[in-house]
Amino acid sequence: MDYFVEAPQELTTEYIGFLRYCVPVLTALLLLRCALPLLTFRREPEIWAWLNMPDGNQIPITHWETVIGRSKGSDVTIELSTVSRNHAVLTRYDDGSWTITDAGSKGGTFVNGKNVQICALEPGDRISIGGVEMRLQPITERQEERQAQLRTKAASGWDGVINLMLLTILQCLMLLGFMLKCQREDFISVLQGFGGIILSQWTLFIFYAIIRRKSFELETMAFFLCTMGMAAIATVRPDETVKQMMALILGVVVFLVIGWFLRDLERAKRFRYLAVAAGVGFLLITLVFGTEYYGAKNWLIINGMSLQPSELSKVCFVFAGTSTMDRIVNKRNLFLFIAYSIVICALLAVMNDFGTALIFFCAFLVIAYLRSGSVGTIALAITALGFAGVLALQIAPHALQRFTTWRHVWEDPLSGGYQQTRALMCIAAGGLLGLGPEGGLLQYVFAADSDIVFATISEEWGLLTAVMTVVCILVFSLFTIRTVRVARSSFYSIGACTAASVLLIQTILNCLGTVDILPFTGVTFPFVSNGGTSMIGAWGLLAFVKAADTRQNASFAVRLAKKGGSKD
Amino acid sequence: MNRITKRTWLMGLFIMILVGGMLFFLGEYMFCASDWVIFSGSPHIYNGTNIGFGTVTDRSGDVLLDLTDGRTYSDNSLTRKSTLHWLGDRDGYISASAVSNYAGEMAGFDRVSGIYNASGEGGVATLTLSAQIQNAALEAMGNRKGTIGVYNYQTGEILCAVSTPTYDPDNVPDIASDETGAYNGVYLNRFIQSSYVPGSIYKIVTTAAALDCVPDIEQMSFTCNGKLEYGTEAVTCEKAHGTQNLKRAFANSCNCAFAQVAELIGKKNMVQYVEAFGVADSITFDGITTAAGKYDVSEAAPVSFAWSCIGQYNDLVNPASYMAFMGAIAGGGSGARPYIVSNVTSGGKTTYQAKTEESGDLLSAETAAVLQSYMRNNVQSVYGDWNFPGLSVCAKSGTSQLGGDQAPNAMFAGFVQNEEYPLAFIIVVENGGYGSHTCVPILSKVLAACKNVMDGE
């Protein structure tokens, strides 16, 4: 065999022995350094205005959208029978201006004595709700500047550099392992793949430094996941590393573009309609021009490139689901969204893509619950899914087979349980520390770099490292839960929650499906699985999480605070 | 806004599913990973249907099979043939279950390192077999079909277990288009996978039962006129043996006398003794469960019951299982359980070491002692002690009738009494004709080889 480097056998063996311990230790260190600031930052509300009540009380307004009403869930509760449960919504805009919108109240909302539906507020305007008079007093620019300076800082720039250095060391060590074990032509493509990741992570970091953004933890973890995915591809299909690397670069671009759209709430709201149309459009195009692979018609082949547009539809769906408070209190918007979801699900059903349909359904649940807060609605939706599921199993028996083998894979190790049993065998063979690069044999099993990539990573890099890839996704979710508390607009809260949920659900279905804890659905592992569109989709979703990060100078998807009164 | 942020608990639900599922999986990994890794078809352990990993040696350390890079058998053609049924073939027709049973130990699996430590060189499984004895046994069998088993009834080590016909895996004959019948059942390991009509070697079982349950049986005498009639049917001998005591009848292998002994024992007792001795049961060692024997007289007429005590009727025994019974008699009522894998090492560590297990008392010490003297008498007075120089062999022959125009199977079972050669054996030669005539020369060569090997250790 033609190896790239003619290293002595003992040296290779010793190096792999070292690498087995080194990778989990470095990964744990990296994860700890990235996760701690994300999970422990002080969540302090930003105060944007004061609401002066007739009794002299000043109520702080801590979000850009504030519901005033009788119900306990309102942000400002006025317990008077003349006030409707959701009476009015105060909204702040990017430029610091405010409006008040009547939320279909019985008594109406009055500004300076005039009954209004929606009205721009000037400082000192008298607002009257159910007979209670109040005045909105926005904070001054100077106060705003002071507030921004006092906010919890994201990690210092040096922390980001150290984290990224750690990741780069990890990548280089892994690459060296491949160099010792790979054949010459394979190694060149592996080098290109890893090199592409290293280059894009530093480019993004430097770009952040230029635009004075400091939080790079989420990105570092995402690049780590991409690295592990690249390692799996390097073993399974070394000829596809370059393709995956290109997808990663495209993904980062999409991440930046979506983040840029989300920066400006008004722009994002306009862009939302385009996204809604694109979501359906992607699916329709696939349905018309798509190719059927393995039972699901969800592939589009253009010039020999195979795309899975439903992965991009997920990002559009998250966009479609987001909404601002003034619209949320209006029930009609939810029905529109339900109708939209039904269209999407119907399209997926026709495409026979049940794995993706399940992800959309879960995303729908998250959005519907966040917007309505109604457990009853969710129960109804789940019941509907149950019926639809039974119907689907009648129509598509191949889906039923997955359920019959579930938790019985060892009884059917040669057909229905083939991939899962091989995955478990190889996870066990790899142990906690793995067999090293190119040491695995799962690569010969179908979809070793996508549907069962968790097992491929576990076999070669160890169960510890594989579990830590799952922990990365968990950290994304936990961070999202923490940060949406202080998000400015419900548009960002809903977007971040849904995006993080989609990442989480895909990870659940992929990893737990591989190890036979859940039925095997063939869903991709975000950032890790081989697949260009899946990679782009994952980065697109991460942009929504970034947009909810309001720590000082943390996120490129959030505008910098104004400096000394200068206009942004 | 507040109400939306409060509703994010829903995400906590998904987080709990992922964390719970992962923890559940890690628990499964803790308890089941050692089973997963050696499950049939495991890519790191198996190559097709057989284990594809490590090295298998005989008791003296001679490499029988190297699995590290494909399947490299011994460089001795005779050894390749004589050990094939324990090592498995390249095409997966013969499965080496004993070796596969220790796949995990050979792989040196542990939960932390997986199979990493052994992935370079692979583990070594040492069999209790001796290639030298295997080859002697194969040569003695010639091109006859059957099996020879010899084991140490004090330790349990199987020194010899040959199954014929066999073939050279490095020079595979055209088995599929063979029409001579020379390769009938070639993929079968007859020692563990076959059951045979025992014929007169079953008289050992009947004698043991009679000694135990019929008072003063040794003082009784039995008359043989060459035929004992049961209505229209009869139990017959080749000649009239006249009047004999039990010991003489056993040496003469007198069917008529044993038909009378059978009546004295009675059906109910006989069934209980067969069960207690375990001769109709399968035995289990190293992950192998042998074929079961059979003793079913629930619908037997008196003549059939009589034949069942002579090892005919519908009686069946498995060679390995019957050999273990011989070991129990030799051991004074209890013998070691046979096994074939001596130890497994992986990455310089011993990952498996066989331990001697006693069968427990199958028969009383007194009965065993009398049986020993009877079987010793057989060799001295009938089979010829000179065939086994330096060994005090105890045995019983059998010529099991198969019906039709098939030549009978030649059977021979027994043990060596010498303290330094504690060996029990069984020989089956299919269609081999008269038991002692066929088997004694074979046994003579095999025991000589055993003695030679044991002297060298």
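Everything here concerns the structure above.
Keep in mind that what you see is a predicted model, and the values were worked out from it rather than measured. (Residues numbered from 1 in each chain as written. Chains lettered and ligands numbered in written order. Predicted model: local features only at pLDDT ≥ 70, side-chain atom pairs only at ≥ 80, totals over all residues.)

Asks: When you look at the overall build of chain B in this model, what are you seeing that I'm missing?
Replies: Each helix and strand counted, chain B has 15 helices and 19 strands in total. By principal-axis analysis of the C-alpha atoms, chain B measures approximately 110 × 55 × 45 Å. Considering only intrachain contacts with a sequence separation of at least 6, the fraction spanning at least 24 residues in chain B is 68%. (Helix = DSSP H or I, 4+ residues; strand = E, 2+ residues; numbered from the N terminus. Contact = placed C-beta atoms within 7 Å.)

Asks: What am I meant to see in the overall build of chain A here?
Replies: When helices and strands are tallied, chain A shows 18 helices and 14 strands. For 568 residues, the compact-globule estimate of 2.2 N^0.38 gives 24 Å, and chain A sits close to it at 26 Å. When its C-alpha atoms are laid out on the principal axes, chain A stretches across 85 × 55 × 40 Å. A buried classification covers 53% of the 568 residues belonging to chain A. The contacts in chain A between residues at least 6 apart in sequence include a share of 69% that link residues at least 24 apart. (Rg over C-alpha atoms; globule rule 2.2 N^0.38 Å. Buried ≥ 20, exposed ≤ 12 C-beta atoms within 10 Å, placed from the backbone.)

Asks: Got a minute to help me understand the sheet that holds strand S8 (residues 114–116) of chain A in this structure?
Replies: Each strand in a sheet pairs with its neighbour through backbone hydrogen bonds, running either in the same direction (parallel) or in the opposite one (antiparallel). Residues and elements named next belong to chain A. The strand order across the open sheet formed by six strands is S2-S1-S11-S10-S7-S8, and the pairing between neighbours is antiparallel. On the outer flanks of this sheet lie strand S2 (58–61) and S8, each paired with one strand and no other. Across the sheet, the mean angle separating the axes of adjacent strands is 35° when strand polarity is ignored. Sheet analysis places strand S7 (residues 109–111) next to S8, joined by three bridges and oriented antiparallel. (Pairing = 2+ DSSP bridges. Axes fitted to C-alpha atoms, helices over the stretch in contact; angles between N-to-C directions.)

Asks: Whenever I open this one, the packing of helix H5 (residues 217–236) of chain A against helix H15 (residues 453–461) of chain A confuses me. Can you help?
Replies: Packed helix pairs are specified by the crossing angle of their axes together with the interaxial distance, meaning the distance between the axes. Residue and element names in this part refer to chain A. Two elements in contact, H5 and H15, have axes separated by 10 Å at closest approach and are oriented at 85°. On the basis of the axis angle, H5 is roughly perpendicular to H15. In this structure, H5 contributes Met228, Gly229, Ala231, Ala232, Thr235 and Val236 to the contact, and H15 contributes Val453, Thr456, Ile457, Glu460 and Trp461. Per-class residue counts for the contact of H5 with H15 are seven nonpolar, three polar and one charged. (Parallel < 35°, antiparallel > 145°, perpendicular 65-115°, else oblique. Nonpolar A, V, L, I, M, F, W, Y, C, P; charged D, E, K, R; others polar.)

Asks: Before we go on, may I ask you to explain the sheet that holds strand S6 (residues 124–127) of chain B in this structure?
Replies: All names here are of chain B. One open sheet holds the six strands; their spatial order is S5-S4-S3-S6-S15-S16, and the pairing between them is mixed. Two strands bound the open sheet, and with one partner strand each, they are strand S5 (72–73) and strand S16 (349–353). In terms of strand pairing, strand S3 (residues 55–57) meets strand S4 (residues 63–66) through three bridges, oriented antiparallel. Considered in S4, the bridge of Thr55 is made with Asp66. Packed onto the sheet, helix H3 (residues 77–87) meets S3, S4, S5 and S6 and runs at close to 60° relative to S4.

Asks: Honestly, the pairing of strand S3 (residues 65–69) of chain A in this entry has me stumped. Any pointers?
Replies: Each regular strand displays side chains that alternate between the two surfaces of the sheet. All names here are of chain A. S3 sits mainly inside the fold: five of its five residues count as buried. Alternating positions in S3 separate into two faces, Glu65, Val67 and Gly69 on one and Thr66 and Ile68 on the other, with burial throughout. In the sheet, S3 pairs with strand S5 (residues 88–92) via four bridges, with the strands oriented antiparallel. Bridge assignment links Thr66 to a residue of S5, and that residue is Leu90. Summarising the sheet, S3 and strand S4 (residues 76–77) pair through two bridges and their orientation is parallel.

Asks: Explain the interface of chain B and chain A here, please?
Replies: Accessible area lost during the coming together of the parts is what is often quoted as the interface size. Listed by partner, the interface residues are 37 residues for chain B and 53 residues for chain A. Considering every element that reaches the side of chain B that touches chain A, the biggest residue donor is helix H2 (residues 9–38) of chain B, with 16 residues. The residue makeup of the side of chain B that touches chain A, split by class, is 21 nonpolar, twelve polar and four charged.

Asks: Is there a simple way to explain H3 of chain B in this structure?
Replies: Given 3.6 residues per helical turn, the α-helix brings residues three or four places apart onto the same face. Residues and elements named next belong to chain B. Buried residues dominate H3, accounting for nine of its eleven residues. Of all the residues in H3, the buried ones are Thr79, Arg80, Lys81, Ser82, Thr83, Leu84, His85, Trp86 and Leu87. In the stretch just after H3, Gly88 is the one whose phi turns positive, near 85°.

Asks: Even after reading the chapter, I still don't get the environment of Gly157 of chain A, so can you show me in this structure?
Replies: Residue and element names in this part refer to chain A. Here Gly157 shows up in helix H3 (residues 157–181). Each C-alpha atom, one on Gly157 and one on Ile427, is 38 Å from the other, the two residues being 270 residues apart in sequence. Once residues within four sequence positions are removed from consideration, Gly157 is found in contact with Ala209 and Lys214.

Asks: Explain unusual backbone geometry to me, please; I cannot follow it from the model alone.
Replies: Comment: phi is negative for the bulk of residues other than glycine, and the bulk of peptide bonds are trans. Note that the residue after Thr164 of chain B, namely Pro165 of chain B, is joined by a cis bond; omega there is 5°. Counting through the fold element by element, Pro165 of chain B comes out in the loop between strand S8 (158–164) and helix H7 (190–193). We note that Arg212 of chain A has phi near 60°; this positive angle belongs to a residue other than glycine. Here Arg212 of chain A lies in the loop between helix H4 (184–210) and H5. For Arg212 of chain A, a count of 10 C-beta atoms within 10 Å puts it in the exposed group. The backbone of Ala447 of chain A sits at a positive phi, close to 65°, despite the residue not being glycine. Locating Ala447 of chain A in the fold gives a position in the loop between helix H14 (418–430) and H15. Judged by the 18 C-beta atoms lying within 10 Å of it, Ala447 of chain A falls in the partly exposed class.

What is shown is where atoms sit, not what they do.
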